[in-house]
Amino acid sequence: MRIETFNPNKDYGTPARVSEKLVTVEIDGVEITVPEGTSVMRAASLANINIPKLCATDNLESFGSCRLCAVQIEGRRGYPASCTTTVDEGMKVTTQNSKLAKLRRNVMELYISDHPLDCLTCPANGNCELQDMAGDVGLREVRYGYQGENHLDSEKDNSNPYFSFDPSKCIVCSRCVRACEEVQGTFALTIDGRGFDSKVAAGQNEDFMDSECVSCGACVQACPTSTLMEKSIIEMGQPEHSVVTTCAYCGVGCSFKAEMKGDKVVRMVPYKGGDANHGHSCVKGRFAFGYATHKDRIKAPMIRNTITEPWQEVSWEEAINFAATRLKEIQAKYGRESVGGITSSRCTNEESYLVQKLVRAAFGNNNTDTCARVCHSPTGYGLKVTMGESAGTQNFDSVMKSDVIMVIGANPTDAHPVFGSLMRRRLREGADLIVADPRHIDLLKTPHLKKAQHLALRPGSNVALVNAIAHVVVTEGLEDRAFVEKRCDMESYEKWREFIRDERHSPEAVEATTGVAADKVRQAARTYATAKNGAIYYGLGVTEHSQGSTMVMGIANLAMATGNIGREGVGVNPLRGQNNVQGSCDMGSFPHELPGYQHVSDDTARAHFESVWGVKLDNEPGLRIPNMFDSAIAGEFKALYVQGEDIAQSDPGTQHVEKALRSLECLIVQDLFLNETAKFAHVLLPGSSFLEKNGTFTNAERRINRVRKVMPPIAGKEDWEITVDLSNALGYPMHYNHPSEIMDEIASLTPTFTGVNYDRLDELGSIQWPCNDENPVGMPTMHVDDFPIGKGRFSVTEYVATDERTNSRFPLLLTTGRILSQYNVGAQTRRTENQAWHNEDVLDIHPSDAEVRGIKENDWLGITSRAGQTVLRARITDKVLPGVVYTTFHHPGSGANVITTDNSDWATNCPEYKVTAVQVERVSQPSEWQQNFKSFEALQMKLLKGAADTAHSEVEAE
């Protein structure tokens, strides 16, 4: 008797079952013990007995259509399908004998009789399950011939830019259809027709591109033939080796196998052993990796003295020395505080750690900040105050035990699509959904969704809404008093309770503010508070407000008051936008915190870093990003090192940011492309993509995942090596041979990382911090028994209306967000075929607002705010509320941030992207800023081309 362990590289045919009751069966004379409910096929596979199959795969529920997996069971009649038959105690199964062999050959013969025999030229040749099964069952001839009716002339669909659909190769196993339903949850595919006329159809017999398909790749991955096939495989052939790494897009942190031919990526296949994605993917991670080898990549270091000079291509040594000399001269002239650095959430933990170390130890100040400032800094502040830790409380799988899911200011199916699919699965199983958002997000359209409530609040009224929900909880006696009394600070609770009971926080009192009917708020409050397990997930629609930190504390208050903390299925869960937002915060990128959220004024913590780094550290917080801009314009801040971040496009008040960048005497940009920030730079250092480096990312669930290099850096250096070189040139020595050594240093200085190292990550696959002596394999669920601060602390969350108000001049409220096919500022996805879905940012406007203004679909609209003006094309939709307009920010020429204001969160300076008062009117030409943008872009591309032409001429001369 034996119980086999899970191998992520093996297909067990049907999903695993979880049961405390174990069942022992005998298969071909081998005893195997498995959980009750396990299929015969999976039990056999666990015993290393492989039963032929075509319609079965272990990420889909058993279907039993191909009949290839028939077995014999002692005491039972016929030949049951092993995929749909579950084990019983004492069952004796035979998987191989002459009768089964003949049956399987007959089944396979029928499949092959309607299948093209072009194996030698088929792109799936060498990796085709149909081909493999024909060999396994010993098929040697097809007696039926090919003269009768067949599907061999079916037309191929090449509409999708990433994969083709060839129905002549289809065996109608339904794996693609089931993957679209069960894994992705889109239900874009179906089996159309009956019997011989059955076929896979997208939408209403549409092309894939015209259907509801979201190009996640689940169908392609599930297909056992070349019916659905990646175009990269058709073009390049089958890969010959693979490397497991981590996606560099959103905060889900999906694991992928980069399948390679030499040093070229053929395809990215979601890795079944990935604890964040379990073998699923989205269009970005699955297909949009071509940017890494795009012709726009910066491939050599470049320098110039002013931003109107042509770039000069130089050696690494010359570029590093040029940058270091400039920094030294500026500090000598303007003082130690005149320079700083910005890290990126697209970079690894190790890289972010080194940048903040460079600033503190080599620059000698704390002027370090990160792009998390403009997205989730209120999460860090709000959760630290209330619960004592600046991170989400659960793992993603926790949602599968939620009875009520409350989503506030987030759009998971677009911004975190793999987790959005998991959430949809739970909703199909019966969990209730509450969405608080000004827009009607796609999650509300989940197929087979049983119960959903949409609280369509006005932008800027978040705190008023969460206070109203809490008011209902308290006044209707829906609190979990036992949890509060055991786990929370009672003094802060009583103070909060007295505050929240006030009638001014009632749903009726705030209805005019929020725009949400009081009865809907009461219903939502009761649904959440009375659920066995209620979970809250939130995004930038919570944090990017003037009261972002207040709202995070309000969410924490609500979760603690109802006892929805400290077990699976509950919690407070921030959905981090970029791949390493959590990690860049953990690594001490903020000006007031050392790695591990240790304040720079903490003498004990600072002394520990000083002893390891060998240098005296400043005990005063440095400049935040907005302070850097203001100081640059004031002439006090003169040099900036930016690694992997495009502040010129992503930060609010674009014209203010551009003015600040023009004021710098030295801007050093380290990136893949000449992005909007690099156009203002004096030193351009070519960065490395996630495919070209080693390191780690930390996702939204605190999961630390390995990033593994699959090909050499195009420019010759990984990002961490560049930072080391710059530090050494500045006179502060850094010496590392590999990022694993950087992680060892991080672990020695960061209490929550003390047990993290590359060997342990390779052993466990991933680790959710804290990982230390108390939690040697990490902590999936936080705050189970207590909080890091002892007792949870309730905070009084007074609603303060934003200064950004509508009036007769600016009657509409603009809010912003993301779309599935593009990522953040679009620097990566705009250089892929994802442009086919979203090649420009548009303005969503409600039909009633459009009618009043005489606006028609696709009209050019001038959007004017107190900060500026831009022009976008109109899209008329009822997904937005009347009085609200919406746009994305993925294309730099759109100028979305030209019109956002300088309002920000009171505690963290996180910009208020989500509330901008605007007027909208039809126009006939681009805005003045857009015209200037186009001229400046043309100039900078000309200056970049000059450098490339010069370098090319020098190579020819040699």
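Residues numbered from 1 in each chain as written. Predicted model: local features only at pLDDT ≥ 70, side-chain atom pairs only at ≥ 80, totals over all residues. Heavy atoms only, no water.

Engineer: Could you clarify how one ought to interpret the side chain of Arg424 in this entry?
Structural biologist: Structurally, Arg424 can be placed in helix α12 (residues 417-428). The side chain of Arg424 is buried and forms no salt bridge, while Asp442, the nearest opposite charge, is found at 5.7 Å. A polar contact of 2.8 Å, which involves the side chain of Arg424, links it to the backbone oxygen of Asp442. The contact partners of Arg424, leaving out residues within four places of it in the chain, are Gly185, Thr413, Asp442, Leu443, Lys445 and Thr446. (Helix = DSSP H or I, 4+ residues; strand = E, 2+ residues; numbered from the N terminus. Buried < 20%, exposed > 50% of the residue type's maximum accessible area, 1.4 Å probe, protein only. Lys, Arg positive; Asp, Glu negative; His and termini not counted. Salt bridge = Lys/Arg side-chain N within 4 Å of Asp/Glu carboxyl O. Polar contact = N/O pair within 3.5 Å; in protein donor to acceptor, adjacent residues only side chain to side chain. Contact = heavy atoms within 4.5 Å.)

Engineer: Teacher, can you tell me more about the nonpolar core here?
Structural biologist: What tends to happen in soluble globular proteins is that the nonpolar side chains get buried as a cluster. Among the nonpolar cores identified, the biggest contains 70 residues, and Leu228, Ile405, Phe419, Met423 and Leu433 are the most heavily contacted of them. Sorting elements by how many residues they give to this core places α12 first, with five residues. With sequence-adjacent residues up to four places away left out, Met423 is seen in contact with Val399, Ile405, Val407, Pro412, Leu443 and Tyr537. In terms of nonpolar packing, the next biggest core, distinct from the first, is built from 53 residues, Leu358, Leu594, Val683 and Val724 among them. (Core = buried A, V, L, I, M, F, W, Y, C linked by side-chain atoms within 4.5 Å.)

Engineer: Help me out: how do you make sense of the environment of Ile633 in this one?
Structural biologist: Looking at the element boundaries, Ile633 is found in helix α22 (residues 625-633). Ile633 gets classed as partly exposed once you look at its relative accessible area, which sits at 28%. Considered as a pair, Ile633 and Val657 are 24 residues apart in the sequence and their alpha carbons are 9.3 Å apart. Ignoring any residue separated from it by four or fewer positions in sequence, one finds Ile633 in contact with His656, Lys659, Ala660 and Ser663.

Engineer: Explain the packing of aromatic side chains here, please?
Structural biologist: Two aromatic rings, taken as a pair, are described by how far apart their centres are and by the angle between their planes. Inspection of every chain in the model, using the stated rule, returns 17 aromatic pairs. Ring centres of Tyr162 and Phe287 lie 5.0 Å apart, and the angle between their planes is 10 degrees; on these two criteria the pair is classed as stacked. Placement of Tyr162 in the loop between α3 (129-136) and β5 (163-165) and of Phe287 in helix α7 (residues 283-287) is noted, with a sequence separation of 125 residues between them. Comparing Tyr162 with Phe287, the two get one shared label, buried. Ring centres of Tyr249 and Tyr291 lie 6.1 Å apart, and the angle between their planes is 65 degrees; on these two criteria the pair is classed as edge-to-face. With Tyr249 in the loop between β9 (241-246) and β10 (255-261) and Tyr291 in the loop between α7 and β12 (302-303), this pair connects stretches of sequence that are 42 residues apart. (Phe/Tyr/Trp six-rings, centres within 6.5 Å; stacked < 30°, edge-to-face > 60°.)

Engineer: Would you explain the packing of helix α21 (residues 603-613) against helix α26 (residues 739-749) in this entry?
Structural biologist: A pair of packed helices is characterised by two quantities: the angle between their axes and the separation of those axes. Two numbers describe how α21 lies on α26: the axes approach to 10 Å, and their chain directions differ by 150 degrees. Relative to α26, the element α21 lies roughly antiparallel. At the point where α21 passes α26, the crossing takes the right-handed sense. Contacts between α21 and α26 involve His608, Phe609, Val612 and Trp613 from the first element and Glu745, Ser748 and Leu749 from the second. When grouped by side-chain class, the residues that make up the contact of α21 with α26 number four nonpolar, two polar and one charged. (Axes fitted to C-alpha atoms, helices over the stretch in contact; angles between N-to-C directions. Parallel < 35°, antiparallel > 145°, perpendicular 65-115°, else oblique. Left-handed = near helix turned anticlockwise from the far one by under 90°. Nonpolar A, V, L, I, M, F, W, Y, C, P; charged D, E, K, R; others polar.)

Engineer: How should I be thinking about the environment of Ser492 in this particular structure?
Structural biologist: Among the structural elements, Ser492 can be located in helix α15 (residues 490-501). According to the relative accessible area criterion, Ser492 is buried, its value standing at 13%. Separated by 301 residues in the primary sequence, Ser492 and Arg793 have C-alpha atoms spaced 5.9 Å apart. Aside from chain neighbours lying at most four places away, what touches Ser492 is Gly792, Arg793 and Phe794. In this structure the side chain of Ser492 is engaged in a polar contact, spanning 3.1 Å, whose partner is the backbone nitrogen of Phe794.

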